[in-house]
Structures are given as structure tokens and as C-alpha cells.
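Residue-level structural notes
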Amino acid sequence: MRLLIGLATLAVMASVNADAKPLILFEEVSEAAGVADVNSNTAGAAFGDYDNDGDVDIYVSSSDSLPSLRNRLYENDGTGKFTDVAAARGVQNAGAIGRGVSWGDYDNDGDIDLIIANKASHNDPNIPPTTLFKNLLIETGTPNFENVTRAANLMRAGNQEDQEHGGIWGSAAGIGWADYNNDGLLDIYYRNADSRVDNALFKNNGDGTFTDVTQEAGVGILDKVIFAGSQGSPGWFDFDQDGAVDLLVSNEGDANILFHNNGDGTFTDITKNLEPPSGIAFLNPGNTNGTCIGDIDNDGDMDVYLALADQANRLIRNDFKETGTIAFTDITLASGTGDVGGARGCTLADFDNDGYLDIYVSNGSLSNTLVNDIDDSYSPFVQYYVAVDPAFNVLYRNNGDGTFTDVTKDSGAEGFGVGTGVASGDVNGDGFPDIFASNRSHYADDGNPIHEPQQTWLFLNKGNNNYWIKVKLIGTKSNRTGYNARVTVTAGDLTQTRELMSTTGYNSADDPILIFGLGTLDTVDRIEVIWPSGTRQVLGPQNAGQTITITEDS
């Protein structure tokens, strides 16, 4: 009898183990990969293949506190090993206080260009303004960059300081690309951390220049909140799937703002509407530093994870697919994702390739130190609290039922530090998303750090036996980078939707090649792409384990 009971117990245990999901495990490889910047004072990181060689490179935005801490352009050798080529390529951003960064092919020539939001300082008028670097790969055959900021007229209307400095001169925060008017050209939304100064929207004129259309479009925020301290990346996404990309503006110390694109070049603030169209779920006046957007419940619409530096993070579910109306619900408590760790950045990716998006959060302890007490370059009107003590990052695994489990411990991606931006991408081509996390070292006026020196982290995903497929987009009628195209992959009973976005979280950007985990399914039945132009394309069955390049039908 004991033998039979023992065999039965073993059988049950074997069944449980067979059904259990594989662990999500990472290896910290930053030093071996060549990206371990000790004493770094970084704000964000952006994945992108700047040299069109088929592997993803990483641009890191940094505060140039010391010559050794300038921005990095880490070129991937194809195996996940990197070399900093920022100086050689002309994008070192010397002397700048780098904040938001985003890749985008603004001139639709086939190579990705780079926009960096630089924070001004009235103590040093020589600090570079927000800068647009044009990639010269297609023109010259070599992926060097040219600063075209002044020639592109990337300056706010009637702003004398911008004219004097040849670019946007202010307390820059996040920045990102989207084609808000669906003319096939990427436009720019610039965010400002100074509560007296507005954000700005720049329309791409198609001739290499931009025009400030903030007022005409109605996306300024000074008249909508008391404290307009915009932090982190802009949240461009088409939340109602009407083909016109909408905009979420997160703020530090005041309510977030949800703008609905009217489809005629203008936007309407729907944040405080009690009935649909409503964004009232975003009203929480916390210190929101990061906005991460993705379909966490596989219902086909984009949900939002907000990283807050002063309180619990928030998970906001989009109810469009269920109700047919523009409405959102805060499901933080039910989902178990309300970490209180002083979050700055976040990234959504299917780290175990089971078909559901997981969440990784970059923490830096609660913000309890006035930035003006450690850096006198800030204007008295820029008063906000920062973290100077390290904290562990958080990895949430999606259980596939609307809940998440904290699996940080022993994952290898704990990342103890004063976290800032974080992004995910497949650096070694194995089909599993890896993580690049930046950290901030605060320096006193004498140039010495005021806490334990920080570094950047590269966490390499150890993977598992699950299958995957990757999708690369090339627009023709739409913007060439394919931003805000919506891709739906169906394999058996598993259907997933991703919207390609130019930014994530705090001043960062994920790999523009979309990764879809397939679990145990080794074949994809159908891939559908809905482009910003309205073009719809459908591909039939595809084998797993490959990258599918989809060029928009012209």
C-alpha cells in the first residue's frame, strides 16, 4: 500500500512539474559584453540597428559629468558583444546632460536617425540643446551621423533661447516619435520637466524641417495641470484603434493627461471625463516617471503600466475591446503589480516566451532628496525629489489570468542600484528578450559621487525550450520605421497583438523588432499587420524560430 501511495505521489508531482512554467533566468554579463559603465550617470537606453547589419545596437543617454561619462553608442558584433563607437560615429553628445532618446527614420531613407533630449543649464550656456542626428548610412555607405538640429528648425515657435542655441533649450525630459497626422512622416513630441515650460509637438514637413504645432494640435499641458513636470517618455499609442495615434503624457507631481487624436491634426484631453471617452483611470497625481504600453491580457488592445517614484506603480487595463468604448480600469490591486520601490523605468516583454507580456521595473528607492540640494544647475522652478539610495529592480511574471507573480529573487536580474531607464531587446539573436538597465550616480559640486558608484547592467536571458517568432516592419506609405503599426500573431488558440512604439518607460526604447513567444507551438498560423496608413496585410503559416520581415504593400 505504501509503495502504491508513493508511486501515486510521484506521478502527481511529475504532472505538476510538467505543467509548471519554466523559470525566467538571466545572467548579468555587462562587463563581459563591454557595457559595464562604472560611475555612470545614465538616464535611458534605446535599442536599434543603426548600421543595418541585422543585429540590435544600444544607445545610452548620459549626463556628461566627466569626459568618461559621455553618451555611448554600443555597436553589436552580432554575438551580444559591444564596442562603444559614439565618438567615431559623431553621437557622443559631448558636454550634454542627456535625458530622453529615441531612434526613428524621420526622412524615410532607410536608416534610423537619432533624437536626444538634452537638459539645459543656465550655469553653462554651452551645454548642447536637444539634438537631432541624421544617419548618413544610405547617403555615404558609412553609418556616421550629422547634427542637423538647426537646419531642421527643431526649435519652438517664438522662443529666443532656442534660436540662440540652435535647438530646444530647456529642462528636457522624454522625447519620442510618432506620425500623429498619418502623412507617412515621423513627428516629435518633446517633454519638459520645468513646471513653467510647456511640452512641444513638432510636425515633420517632409523636407528635412519641422514646425512647432503645439498650440494648433492642442497638446500643451500648462493649462491642464498645476505642476507640469513631465518626466519619462511620451506614450504614443492608438488606444481606440481608429488609425490615429493617441498620446499619454505622464507627469511628476500632478495628474497624467490622456489625449485623444481627433484625426484632423488636433487632440482632445479626455482625462477627466466621467463617461466614455474617458481616461479618468490616469488621474492619479503621483510622481509618474515611466509609461509602458502593451497588451498584457491578449485581448487585442493596449494596456498601460505606470512606473511611479513615490508610491505604488499602477496597471491600467484598456477596456476598448470588451466595451467598444474608450475606457480604462485600474487593476493594480487585482493584478498584484503595485510594487513600491521608487520606480523610474519599465519595459514589457515576454521574457519566458509563453505568449504573455511580463513586466520589468527599474527601481531606485523612493524619491526623498530634493534635486536642488545635490545639483545647483537646476532652476529654482525645477524642484522635485530624487532617489540617492539603491533598490532592487522587480520582475513580474504574467500568469495569463490577469495576475502577475514577483519572480525577481534568484532570477539574476535583481539589478540593485539607483535605477533610471530600462529597455529590452534580443542582443544575441536567440529569440529571447534581454534587458539593458541604466543607473544614475549623483555627483556633488566637487565632482565626487554622493553615494555608492553605479553602473549599467546587461541581463542576458538564459531562455528555455519555448518557441518564438520575430517580426520586422518596413513601411512604405506609412512611416518607414513602422511605428504604431499593429501586429497580430495567431498560433493555435494563442493570439497576441503588439503595437510598435518609439519609446518605453523612462527615456528609453525597446528593440523595434517585435518578439512573439509561442510556448510549445512550433508554427504560426497567421500574421496580420494593420499599418498607420490603414493598409492591412495578412501572411499565412510560418515556422517558428525565424525573423519575418514584412514590407508594407504599396
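As a starting point, this report considers the structure included with it. (Residues numbered from 1 in each chain as written. Predicted model: local features only at pLDDT ≥ 70, side-chain atom pairs only at ≥ 80, totals over all residues. Heavy atoms only, no water.)

Description of the sheet that holds strand β5 (residues 82-84)
The four strands are arranged β2-β3-β4-β5 in an open sheet whose pairing can be described as antiparallel. Either end of the sheet is taken by a strand with one partner, and the two such strands are β2 (42-48) and β5. The average angle at which neighbouring strand axes cross in this sheet is 20°, direction not considered. (Pairing = 2+ DSSP bridges. Helix = DSSP H or I, 4+ residues; strand = E, 2+ residues; numbered from the N terminus. Axes fitted to C-alpha atoms, helices over the stretch in contact; angles between N-to-C directions.)

A closer look at the sheet that holds strand β23 (residues 358-363)
The four strands are arranged β22-β23-β26-β27 in an open sheet whose pairing can be described as antiparallel. Looking along the sheet, the strands with just one partner apiece sit at the ends: β22 (343-349) and β27 (404-406). Along the sheet, successive strands turn relative to each other by an average axial angle of 20°, direction set aside. In the sheet, strand β26 (residues 394-398) pairs with β27 via three bridges, with the strands oriented antiparallel. When the sheet's bridge partners are listed, Arg-397 is paired in β27 with Thr-405.

Some thoughts on the packing of aromatic side chains
The full count for this structure, using the stated rule, is 16 aromatic pairs. Centre to centre, the rings of Tyr-180 and Phe-267 are 6.1 Å apart; their planes meet at 35°, and the pair counts as tilted. In this pair, Tyr-180 sits in the loop between β10 (172-178) and β11 (187-192) while Phe-267 sits in strand β17 (residues 267-269), placing the two residues 87 residues apart along the sequence. The two residues Tyr-180 and Phe-267 agree in class, both being buried. A centroid spacing of 5.1 Å and a plane angle of 70° characterise the contact between Phe-282 and Phe-328, whose relative ring orientation is edge-to-face. (Phe/Tyr/Trp six-rings, centres within 6.5 Å; stacked < 30°, edge-to-face > 60°. Buried < 20%, exposed > 50% of the residue type's maximum accessible area, 1.4 Å probe, protein only.)

Notes on the environment of Gly-141
Within the secondary structure, Gly-141 is located in the loop between α4 (137-140) and β9 (145-147). Owing to a relative accessible area of 55%, Gly-141 belongs among the exposed residues under this scheme.

Digging into the pairing of strand β4 (residues 72-76)
Burial within β4 is extensive, with four of its five residues counted as buried. Note that strand β3 (residues 57-62) and β4 share three bridges and pair antiparallel. From the neighbouring strand, Val-60 faces β4, where its bridge partner is Arg-72. Pairing between β4 and β5: three bridges, direction antiparallel. Bridging from a neighbouring strand, Tyr-74 pairs with Asp-84 of β5. Where β4 folds back on β5, the antiparallel hairpin that results is connected by five residues, among which Gly-78 adopts a positive phi of roughly 100°.

Focus: unusual backbone geometry
That bond from Pro-276 to Pro-277 is cis: its omega, 0°, falls within 30 degrees of zero. Considering the arrangement of structural elements, one finds Pro-277 in the loop between β17 and β18 (288-294). The phi angle at Asn-52 is positive, at roughly 55°, despite the residue not being glycine. Tracing the backbone shows Asn-52 in the loop between β2 and β3. Despite not being glycine, Asn-153 shows a phi value in the positive range, around 55°. Tracing the backbone through its elements, the reader meets Asn-153 in the loop between β9 and α5 (160-165). Take Asn-153: its relative accessible area is 33%, and that puts it in the partly exposed class.

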